[in-house]
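# Examining the three-dimensional arrangement
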Amino acid sequence: MRLSLFLLPALLAGPAAAQENPPEPVSYRVEITLRDSGARGAGAARKYTLIAGARGNANLRVGERIPYPASRPSDQQPAPHQFVEQGIFIDCKVSSGAAPSQVNLNLVIELTNHRFWEKTPDAGGPPPAVETMRFSFAEAPVTPGGKAMLGFLDDPVLGRRFEVEAVVIRLP
């Protein structure tokens, strides 16, 4: 009887100890290639690399805020300014996929640019036009180490084609 009471705590601790050790967190390197056929140097690719940490999240914000006058300046006061943002914004999350050899990639890419008209706002023209293009890929299955063409957009108005490609690499 003493022997069984002595072994009972060890037997109960065995499964509990195994449950306390969750799997090691995994980090990924996500390489994104964005091609714009209408850009200067048509077909040139822009490449962005992010490290998605143990929670699988990564963000990238690259751009600038450009001031423009909100109204015409007067003799007494200079014109107040407003700002328009332009750049690229990337939000990325990597999670385990349905198959053990795959991961799911959630990716949002936003490209923002502005265009001033013939007359700038300080010369009485309208405020700049803001052009925004947003790509959103939810739960895209990707095999780590392989290239995945996530999607493309043909813009008939501008005569441009945008392509998004990703490579996800598991880090040691």
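Not measured: the values here are computed from a predicted model. (Residues numbered from 1 in each chain as written. Predicted model: local features only at pLDDT ≥ 70, side-chain atom pairs only at ≥ 80, totals over all residues. Heavy atoms only, no water.)

### Quick look at the pattern of salt bridges
- On inspection of all chains with the given rule, the structure shows seven salt bridges.
- A salt bridge links Glu165 to Lys147, with the shortest nitrogen-to-oxygen separation between them at 3.9 Å. You can see Glu165 sitting in strand E8 (residues 160-170) and its partner Lys147 sitting in strand E7 (residues 147-155), a full 18 residues away along the chain.
- Note on Glu165: relative accessible area 13%, which makes it buried.
- Since its relative accessible area comes to 66%, Lys147 is described here as exposed.
- Within this structure, Asp154, Arg161 and Glu163 form a network of salt bridges that share partners. (Salt bridge = Lys/Arg side-chain N within 4 Å of Asp/Glu carboxyl O. Helix = DSSP H or I, 4+ residues; strand = E, 2+ residues; numbered from the N terminus. Buried < 20%, exposed > 50% of the residue type's maximum accessible area, 1.4 Å probe, protein only.)

### Observations regarding the sheet that holds strand E6 (residues 129-142)
- On the basis of which strands lie adjacent, the open sheet formed by four strands has the order E3-E4-E5-E6 and antiparallel pairing. What marks the edges here is a single partner per strand, and that holds for strand E3 (57-69) and E6. Ignoring strand direction, the axes of neighbouring strands in this sheet form an average angle of 10 degrees. (Pairing = 2+ DSSP bridges. Axes fitted to C-alpha atoms, helices over the stretch in contact; angles between N-to-C directions.)

### As for the nonpolar core
- Residues Val94, Leu105, Leu107, Phe135, Leu150 and Val164 are the most contacted members of the largest nonpolar core, which totals 28 residues.
- Residue assignment for this core shows that the elements contributing at least two residues are strand E1 (28-36), strand E2 (45-52), strand E4 (81-96), strand E5 (103-115), E6, E7 and E8.
- Discounting chain neighbours no more than four positions away, the residues touching Leu107 are Ile32, Ile90, Asp91, Cys92, Phe135, Ser136, Phe137, Leu150 and Val164. (Core = buried A, V, L, I, M, F, W, Y, C linked by side-chain atoms within 4.5 Å. Contact = heavy atoms within 4.5 Å.)

### Let's talk about the side chain of Thr33
- Considering the arrangement of structural elements, one finds Thr33 in strand E1.
- For Thr33, the residues in contact, after removing those within four places along its chain, are Ala45, Arg46, Lys47, Glu163, Val164 and Glu165.

### Thoughts on unusual backbone geometry
- Phi at Glu139 takes a positive value of approximately 55 degrees, unusual for a residue other than glycine.
- Tracing the chain through its elements places Glu139 in strand E6.
- Exposure remark for Glu139: the relative accessible area of 42% places this residue in the partly exposed category.

### Quick notes on the environment of Ala140
- Mapped onto the secondary structure, Ala140 falls in strand E6.
- Exposure remark for Ala140: the relative accessible area of 13% places this residue in the buried category.
- For the pair Ala140 and Gln102, spaced 38 residues apart in the sequence, the C-alpha separation amounts to 9.8 Å.
- Beyond its immediate sequence surroundings of up to four residues, Ala140 is in contact with Val103, Asn104, Leu105 and Leu150.

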